[in-house]
Amino acid sequence: MSRARDRIWQELTHPGELSGTIRIGVAETIVHTLLTDMLNKLKDDFPKVRFELSVDTSGQLGRALDDDEVDVAIMLRESVPNGAVAAPLKPVELGWYCAEDMEIDENPLSLNELASHAIVTFPKGTPPFREIESIFSAPDISQPALNGSASLSTVKYLVAGGFGIGVLPRLMVQNSVLDEHIKPIPVCQEASLTALHFVIAYFPERNSEIGGAIHEAAKLFDQTDLKKRS
C-alpha cells in the first residue's frame, strides 16, 4: 500500500520524476566500496526520493528481490532470481590477509602453510566460502579451521586481532577509513581465488526506471579507490 501510494503521488505530481521510497538491498562488500558515492549521486539527481537500505548476504537479497521486499539489489550474480535484469559491475578481486605484526615468509605461502592457520571469511554457503573449502579438499592437505561471518567488517577485525588469516575483497581493504593493522599475504597460485561478480538486479516490469537510475549511478563509482579520492 505504501509503494502504491508513493507511485500514485509521483504520477500525479511529478510525472517522469522519481520520488517516494526506493528500497535498495546491498551486499556488504558494496557498503565498503561504492555505496556512499552512489547514494550521494542519486540524492542529488532525485531529491524527492527516500532511501531504505537493507544489508544482507546475496542469497537473502535474491529472495527479498523475488518476494518484492526490495526494489533493487546489488548482489552476486549467482543469486539473481529468474526473470530479473542483472546489469554487471566490474569484478571484485579477493585477497588473503593477516595481522600486520604477523611474521610471514616473503615467498608465496603454500596451501599447507595457509591451512596451519585458522581462516575467517565470507559466511558458509557463499561462493567464496565454497571455493576455499574446495581448495583445501585434497587428501594430502591439512584441513584448516574455516570460520565464516556474514559481517566482513567483523572478519577484518578478527584478522587484525590475530584470530586467524582472512579472505577479503581487496578494494574493501584499500578503501577502509580505519587503520585496522592488516596486510596482504603472498600465496601460491593454487590459493588464488575467483573474483566476485556483482550486479545491479531488478525486475523490469516493476522497477525499470529505478533500476536503470541506480545502475547509471553505480557505474560512475565502480572500483573507485576512496582513499586516493580523499
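Everything below is about the structure shown above.
Not measured: the values here are computed from a predicted model. (Residues numbered from 1 in each chain as written. Predicted model: local features only at pLDDT ≥ 70, side-chain atom pairs only at ≥ 80, totals over all residues. Heavy atoms only, no water.)

Q: Go over the packing of helix α3 (residues 35-45) against helix α9 (residues 204-221), please, and point to the residues and values.
A: Running from N to C, α3 and α9 point in directions that differ by 130°, and their axes come no closer than 8 Å. By the angle class used here, α3 and α9 are oblique. The element α3 and its partner α9 pack so that their crossing is right-handed. Contact residues: Asp37, Met38, Lys41 and Leu42 in α3; Ala213, Ile214, Ala217, Ala218, Leu220 and Phe221 in α9. (Axes fitted to C-alpha atoms, helices over the stretch in contact; angles between N-to-C directions. Helix = DSSP H or I, 4+ residues; strand = E, 2+ residues; numbered from the N terminus. Parallel < 35°, antiparallel > 145°, perpendicular 65-115°, else oblique. Left-handed = near helix turned anticlockwise from the far one by under 90°. Contact = heavy atoms within 4.5 Å.)

Q: Go over the pattern of salt bridges with me, naming the residues and quoting the values.
A: Counted under the stated rule, the structure contains 5 salt bridges. The salt bridge partner of Asp71 is Arg23, with a shortest N-O separation of 2.9 Å. Of this pair, Asp71 sits in the loop between α4 (58-66) and β3 (72-76) while Arg23 sits in strand β1 (residues 20-26); the two residues are 48 residues apart in sequence, bridging distant segments of the chain. The same class applies to Asp71 as to Arg23, namely buried. Three or more residues joined by partner-sharing salt bridges are found here, namely Arg23, Asp68, Asp71 and Arg206. (Salt bridge = Lys/Arg side-chain N within 4 Å of Asp/Glu carboxyl O. Buried < 20%, exposed > 50% of the residue type's maximum accessible area, 1.4 Å probe, protein only.)

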